[in-house]
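# Survey of secondary and tertiary structure
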Amino acid sequence: MPYPSVGPDSSGSDTLFDLDALGHPVPAEGGGGPSPRPAATEGDPFRDSAAARRLLPVRTVYAEPAAAASPRGREVLARFPEAEVIEVDSHWRIPGLYGNEGNLERWVRVKGETLVLGERKSLATRPNGRSADWIAPGPSNGCALACAYCYVPRRKGYANPITVFTNIDRIIGHLGRHLARLGPKPEANQCDPSAWVYDIGENGDCSVDALVCDNTADLVRAFRRWPTAKASFATKFVNPDLLALDPRGRTRVRFSLMPPQDSRLLDLRTSPVDERIAAAADFLDAGYEVHFNLSPVVLRPGWEEDWAELLRRLDDVLPERVKRQAAAEVIMLTHNRELHEVNLGWHPRAEELLWQPALQQGKRSENGALNVRYRNQVKADAVRRLRELVAAHSPWLRIRYAF
Ligand code: SF4
């Protein structure tokens, strides 16, 4: 395997960062470059490796009874035979797990030690038009990684472990019918010249889901049978097991990138940025289309120099075959007051970057939460500047959209 193995550190800790004296996670200093961690043994699935087990040392599985009894549910439970299984009526309202009270000091740990099994009730595909043509009903909700800015927990509270939806067959059946109703894509757009693009990972990270079960594999295999469609998902985790799925060009992996010094502070439990870059050629050679998400762009003193350095690095290390097919999305940071307050309790240094009232404006969402984003002129200037940096340092990188 030409890039370093991925996953948690090799310290024996079950987190990717150090713990301070109070047991709070502190991002490890000096990480972010290719790590010397041993690769998974050739032939053994990465998800059976010690590194994968350290990222997901599952101790508790909350399960809807039907989900636990389903083939996918049984598969997940068999992977974690030591875990205590607690029956719940709904994967949405689990007392003591969702919401923030009581979990603030351990909500990152909860992400690795807890899984939820449920059945996806709503099978709706929504139009998008930016990252993808369509947002598919995803195979999961929640994530074992712990990006400080993650928007996924906004609806559940911030202890937000992976919920695996066990009725993957119904999700795939729904997608097949949706695609059949659409027929071929009538004209090219920035999402794709000929395929309908479905984002399959809106509320999680499909590479991490693949450590738990075959939902991601099933979706990749489904899309390779659909010549008018393409799956797409963003990821911050390099899971070598995905290289064996033979996607035949029908799945687009979007490696999310930001300057490593920001990532070390904000992207907890993820693969280092250099590993994501180093994996691009392998994923292309394995049959994926490989794009990049330049996101989130976090404004701070020196951001332009550090993004320029990242873009120069892409230009230096990516082979021509990756560059020829690459494209990028640029997404400026959005944040949320409730998440800000939670983060202050466990990771205040992240908030020094993320919470910048002088640069940001608020917008009340339908559920009353206050979401923030950069002020209109600040954002417009930053997007223009980032486009200039891409043109100067990675001129081969087509920007599909920026917002
Ligand atoms: S990888 Fe994505 S889904 Fe997971 S914590 Fe980070 S931003 Fe959230």
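Structure's up top.
Note that this is a predicted model, so its numbers are computed, not measured.

When its secondary structure is counted, the protein chain shows 14 helices and 20 strands. With 403 residues in all, the protein chain has 47% of them scored as buried. Put simply, 76% of the contacts in the protein chain that link residues at least 6 apart link residues at least 24 apart.

Moving on: the packing of helix α10 (residues 303-317) against helix α14 (residues 376-393). If you want to describe how two helices pack, look at the angle between their axes and the distance between the axes. Contact geometry of α10 with α14 gives a least axis separation of 9 Å together with a crossing angle of 35°. The chirality of how α10 crosses α14 is right-handed. Across the interface between the two elements, Glu304, Trp307, Ala308, Leu311, Arg312 and Asp315 from α10 touch Arg385, Leu386, Leu389, Val390 and His393 from α14. A per-class count over the contact of α10 with α14 returns 6 nonpolar, 1 polar and 4 charged.

Let us now look at the nonpolar core. Counting 102 residues, the largest nonpolar core has Leu115, Leu117, Tyr198, Ala280 and Val290 as the members making the most contacts within it. At 7 residues, helix α9 (residues 273-285) tops the list of elements feeding residues into this core.

If you trace the 8 strands from one edge of the open sheet to the other, you get β6-β7-β11-β12-β13-β15-β16-β20, paired in mixed fashion. The strands lining the two open edges of the sheet, one partner per strand, are β6 (126-127) and β20 (398-402). Pairing of strand β16 (residues 327-332) with β20, which is carried by 4 bridges, proceeds in the parallel orientation. Residue pairing in the sheet places glutamate 329 in a bridge with tyrosine 401 of β20.

Looking now at the pairing of strand β18 (residues 360-364). Of the strand pairs in this sheet, β18 and strand β19 (residues 370-374) are connected by 5 bridges, and their pairing is antiparallel. In the sheet register, glutamine 361 faces β19, and the bridge partner there is arginine 373. From the end of β18 to the start of β19, which pair antiparallel, there are 5 residues, and glycine 368 there has a positive phi angle of about 90°.

Reading the values: rules and limits
- Residues numbered from 1 in each chain as written.
- Predicted model: local features only at pLDDT ≥ 70, side-chain atom pairs only at ≥ 80, totals over all residues.
- Helix = DSSP H or I, 4+ residues; strand = E, 2+ residues; numbered from the N terminus.
- Buried ≥ 20, exposed ≤ 12 C-beta atoms within 10 Å, placed from the backbone.
- Contact = placed C-beta atoms within 7 Å.
- Axes fitted to C-alpha atoms, helices over the stretch in contact; angles between N-to-C directions.
- Left-handed = near helix turned anticlockwise from the far one by under 90°.
- Nonpolar A, V, L, I, M, F, W, Y, C, P; charged D, E, K, R; others polar.
- Core = buried A, V, L, I, M, F, W, Y, C linked by C-beta atoms within 7 Å.
- Pairing = 2+ DSSP bridges.

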